[in-house]
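For reference, the chains in residue letters:
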Amino acid sequence: VDYVMIEWNPTSVPEQDESQAKITIYPNPATDQINLMSSEEITEVAVYNYLGQMVYSESASGNEFRMSTSTLNTGIYYIRIHTESGMTTRKVMVR
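Residues numbered from 1 in each chain as written. Predicted model: local features only at pLDDT ≥ 70, side-chain atom pairs only at ≥ 80, totals over all residues. Heavy atoms only, no water.

## Digging into the overall build of the protein
Put simply, the rule is: Strands are runs of DSSP state E lasting at least two residues, helices are runs of H or I lasting at least four, and both sets are numbered from the N terminus onward. Exposure classes here rest on a 1.4 Å probe applied to the protein chains alone. A residue is buried below 20% of its type maximum, exposed above 50%, and partly exposed in between. We call two residues in contact whenever any of their non-hydrogen atoms come within 4.5 Å of each other. Each accessible area is a Shrake-Rupley result for a 1.4 Å probe, and residues are judged covered by the shown protein chains and nothing else.
Helix and strand counts for the protein come out as zero helices and eight strands. Secondary structure elements of the protein, listed N to C terminal, follow the sequence β-β-β-β-β-β-β-β. Of all 95 residues assigned to the protein, the portion counted as buried reaches 36%. Put simply, of all contacts in the protein between residues at least 6 apart along the chain, 56% involve residues at least 24 apart. For the protein, the computed accessible surface area is about 6,200 Å², with 47% contributed by carbon and sulfur atoms.

## Looking at the sheet that holds strand 2 (residues 23-26)
Condition: Any two strands between which DSSP finds at least two bridges are classified as paired. Fitted lines through C-alpha atoms give the axes, limited to the stretch in contact for helices. The angle between two N-to-C directions lies from 0 to 180 degrees.
If you walk across this open sheet you meet the three strands as 2-3-6, and the pairing is antiparallel. With partners counted over all chains shown, the strands left at the sheet margins are strand 2 and strand 6 (64-68), one partner each. Along the sheet, successive strands turn relative to each other by an average axial angle of 15°, direction set aside.

## A look at the nonpolar core
Note the threshold: For our purposes a nonpolar core is just a set of buried Ala, Val, Leu, Ile, Met, Phe, Trp, Tyr and Cys residues, chained together by side-chain atoms within 4.5 Å.
Counting residues in hydrophobic clusters, the biggest one holds 19 residues, and the most contacted among them are Ile34, Leu36, Phe65 and Ile79. When residues of this core are traced back to their parent elements, those giving at least two are strand 2, strand 3 (33-38), strand 4 (42-48), strand 6, strand 7 (75-83) and strand 8 (86-94). When sequence neighbours within four positions are dropped, the list of residues in contact with phenylalanine 65 reads Ile34, Asn35, Leu36, Ile42, Val45, Tyr56, Glu58, Ser59 and Ala60.

## Considerations on the environment of methionine 37
Summarising the element assignment, methionine 37 is placed in strand 3. For methionine 37 and lysine 22, which are 15 residues apart along the polypeptide, the C-alpha to C-alpha distance reads 8.2 Å. If sequence neighbours within four positions are ignored, methionine 37 has contacts with Lys22, Ile23, Thr24, Tyr26, Asn63 and Glu64.

## Details of the environment of arginine 66
So the rule is basically this: What qualifies as a polar contact is a pair of N or O atoms within 3.5 Å, subject to a donor-acceptor requirement within protein and to the restriction that residues adjacent in sequence count only when both atoms come from side chains.
Topologically, arginine 66 is positioned in strand 6. Taking the relative accessible area as the measure of exposure, arginine 66 reaches 56% and is therefore exposed. Here the alpha-carbon distance between arginine 66 and asparagine 35, two residues 31 residues apart in the chain, equals 4.6 Å. A polar side-chain atom of arginine 66 sits 3.3 Å from a polar atom in the side chain of asparagine 35.

## A short note on the pairing of strand 5 (residues 54-59)
Here five bridges tie strand 4 to strand 5, and the two strands are oriented antiparallel to one another. Bridge pairing in strand 5 links tyrosine 48 to methionine 54. Hairpin geometry of strand 4 and strand 5 is characterised by an intervening segment of five residues between the two adjacent antiparallel strands and by a positive phi of about 85° at glycine 52.

## Remarks on unusual backbone geometry
Going from tyrosine 26 to proline 27, the amide bond is cis rather than trans, its omega being -15°. Topologically, proline 27 is positioned in the loop between strand 2 and strand 3. In the segment running from asparagine 28 into proline 29, the intervening peptide bond is cis, with an omega of 15°. Along the chain, the position of proline 29 falls in the loop between strand 2 and strand 3.

Right, dumping it as structure tokens:
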């Protein structure tokens with residue numbers, strides 16, 4: 001073998017903060033549930049795995065949102081939170 005070429009193109013969801021809202025996510029790492037608190041109304045929450053695949057999505061209304069982690073495997077996830085002023089993406093660990 002003269003050479004080996006490895007091509008790797010991971011798909012991921014980078015952390016972003018396009019929203020003006022102050023968002024708190026706890027606990028992190030999470031075990032049973034994830035709690036979101038926002039200074040603005042939350043309109044949608046989506047969760048992506050490390051491959052960038054959406055594994056959870058739900059419409060929301062209000063400044064607080066809770067979701068169970070019982071359907072998520074242990075690992076790193078990205079939570080995309082849509083608010084009145086835009087979108088924020090944060091990383092969270094599920095145990």
